[in-house]
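Structural features, examined
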Amino acid sequence: MMNALTIDVEDFFQVGAFESVISRSEWDSYPLRVDNNTLRILDILDEFSVKGTFFVLGWVAERLPSLVQVIASRGHEIACHGYGHELVFQIGPERFRKDVQAAKALLEDITGSSVRGYRAPSYSITADSLWAHDILVESGFSYDSSIFPVYHDVYGIPDSPRFPHVLQTRAGALWEFPMTTYPLSFAGKHANLPIAGGGYFRLLPVSWTCAALKAVNEKEGMPVVFYLHPWEFDPEQPRVEGAGLKSRFRHYLNLDRTESRFRRLLAELPFTTMSEVLGSIAATEELLREEV
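Here's a quick rundown of the structure. Starting afresh in each chain, residues are numbered from 1 along the sequence in its written order. Only residues with pLDDT of 70 or above have their local features reported here, since the model is predicted, and side-chain atom pairs are shown and tallied only from 80 upward, although totals for entire chains, interfaces and linings are computed over all residues. Neither water nor hydrogens contribute to the side-chain values; these are computed over all heavy atoms in the structure.

**Observations concerning the layout of surface pockets**
- Put simply, the largest pocket is a space of about 700 Å³.
- Of all the elements in the fold, those that place two or more residues in the lining of the largest pocket are helix 6 (198-203) and helix 8 (245-252).
- Think of it as three bins: nonpolar holds Ala, Val, Leu, Ile, Met, Phe, Trp, Tyr, Cys and Pro, charged holds Asp, Glu, Lys and Arg, and polar takes everything else, Gly as well. For the lining of the largest pocket, the class distribution of residues is 13 nonpolar, ten polar and eight charged.
- Put simply, the grid is 1 Å and covers the protein atoms alone, a cavity is a trapped set of points that fit a 1.4 Å probe, a pocket is an open set with protein on both sides within 12 Å along at least five of seven lines, and lining residues have an atom within 4 Å of a point. Grid points are joined across faces, edges and corners, and a volume is the space filled by probe spheres set on the points. Taken as a whole, the second largest pocket spans an internal volume of roughly 190 Å³.
- Around the second largest pocket, the lining is made up of ten residues, and of these Met1, Pro223, Ser280, Ile281 and Thr284 lie nearest the centre. A run of H or I in DSSP counts as a helix once it spans at least four residues, and a run of E counts as a strand once it spans at least two, with each numbered from the N terminus.

So, in C-alpha cells, the structure goes:
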C-alpha cells in the first residue's frame, strides 16, 4: 500500500509558534534558509526514489520561484499552503478566499500546471472554519489535507473521520485526506494519537512511529499521510528570541535527529504523492461500485 509523503514548504521564521514575536512585516528581514533545506530533502528523496507532494507557501514561491520549478522538475507534486501562513479560522472567508486564490495562481504561473491540493497553515480548518471547504472547491481545488482529528490547543476536529473521504460541499465534491492518527483506548475513553509527522515525529521514538504507521496500513487497511517542514532538517537555524517555553520546545526539539529518522521512515514504508494515493482510492471505489 502506498502512502502520501508531504512537505510543507515554509521557513523557520514563519511558523505559528513564533507569530507572537515575529510579525509578517519582519519576514523580509530574516535570511531565507528554506531553499537549501528543501534541496536537502529533494536529494534524500532522490536517494530513495520517492516522490512526494510539496505544499508551498505563496510568500516563499514569490521570492523563490526557481525553487518551485526545481521541485516540480524533479517529479514532485506542487500543492498550495496558502500565501501568508495565516490561520483560517482567524482571517475569515473573504481574506481566506483572496489568500488561497493568490497563492494558487502564483504557483500555477510558475509551474505551468494546475494546482489541485491545499493544506491550511497549522491545520487551521476546524469546526469554526468548515466554510473553507466551499471556497476551496470554488477556487478549483480537488483535495484538502487540513483536518487533524485530535485534541490540540490550536487546531483539530477530534471526531472527524480518520481516513480519506469525500466531502459534499455546497460548491461540489472535495476529497479530504486528514492527518494520520493512531486510535488509543484507556479506561473506557478513546483518543487519537497524532503520528503524521512534524513535532510528533521528533518527539516519539522513530521505531514506534514506523510501527504505528505500518499498523494503520496493515491492520486498518488504509494509507497514511506523513509531513515535515524544511526547517526541521536545519539544527543550525537561528534561534528566535522571546518565544515562550512551549513554543521553543515544539520548534527546536530533536532537530538534529530529523534527517536520520526520516531516512529510516523512507526505508520502512512506501510513499508517493497525495494525488497518486487519492487517485488509487478513487479507482478502487469505482471498481467496487461496478462490481456491485
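**Comments concerning helix 3 (residues 65-73)**
- Accessibility here uses a 1.4 Å probe with only protein chains present; expressed as a share of the type maximum, an area under 20% marks a residue as buried, one over 50% as exposed, and anything in between as partly exposed. Among the residues making up helix 3, those that are buried are Leu67, Val68 and Ile71. Projected onto a plane normal to the axis of helix 3, the buried residues spread over an arc of 100° and lie on a single side. An arc is given here, and it is the one of the directions from the helix axis to the C-beta atoms.

**A few points about the nonpolar core**
- Of all hydrophobic cores here, the largest spans 68 residues; its most connected members are Phe54, Phe96, Tyr118, Phe226, Phe262 and Leu265.
- The biggest single contributor to this core is helix 4 (residues 88-111), with seven residues.
- Filtering out sequence-adjacent residues up to four positions away, phenylalanine 262 remains in contact with Leu5, Ile44, Leu45, Phe201, Phe226, Leu228 and Phe233. Residues belong to a common nonpolar core when they are buried Ala, Val, Leu, Ile, Met, Phe, Trp, Tyr or Cys residues joined through side-chain atoms within 4.5 Å. Here, residues are in contact when the closest pair of their heavy atoms is within 4.5 Å.

**Describing the packing of aromatic side chains**
- In this scheme Phe, Tyr and Trp rings, the latter by its six-membered ring, pair at centre separations within 6.5 Å, and the angle between planes marks the pair as stacked below 30 degrees, edge-to-face above 60, and tilted otherwise. On inspection of all chains with the given rule, the structure shows 19 aromatic pairs.
- Measuring from ring centre to ring centre gives 5.3 Å for tyrosine 123 and phenylalanine 148, while their planes differ by 75°; the resulting arrangement is edge-to-face. Remark: phenylalanine 148 occurs in the loop between strand 5 (143-144) and strand 6 (165-169) and tyrosine 123 occurs in the loop between strand 4 (117-118) and helix 5 (131-138); sequence separation between them is 25 residues. Of the two residues examined, tyrosine 123 and phenylalanine 148, each falls in the buried class.
- Residues tyrosine 123 and tyrosine 155 carry aromatic rings whose centres are separated by 5.4 Å and whose planes lie at 70° to one another, so their mutual orientation is edge-to-face. In this pair, tyrosine 123 is assigned in the loop between strand 4 and helix 5 and tyrosine 155 in the loop between strand 5 and strand 6, connecting sequence segments 32 residues apart.
- Overall, tyrosine 123 belongs to the buried group, its relative accessible area being 5%.

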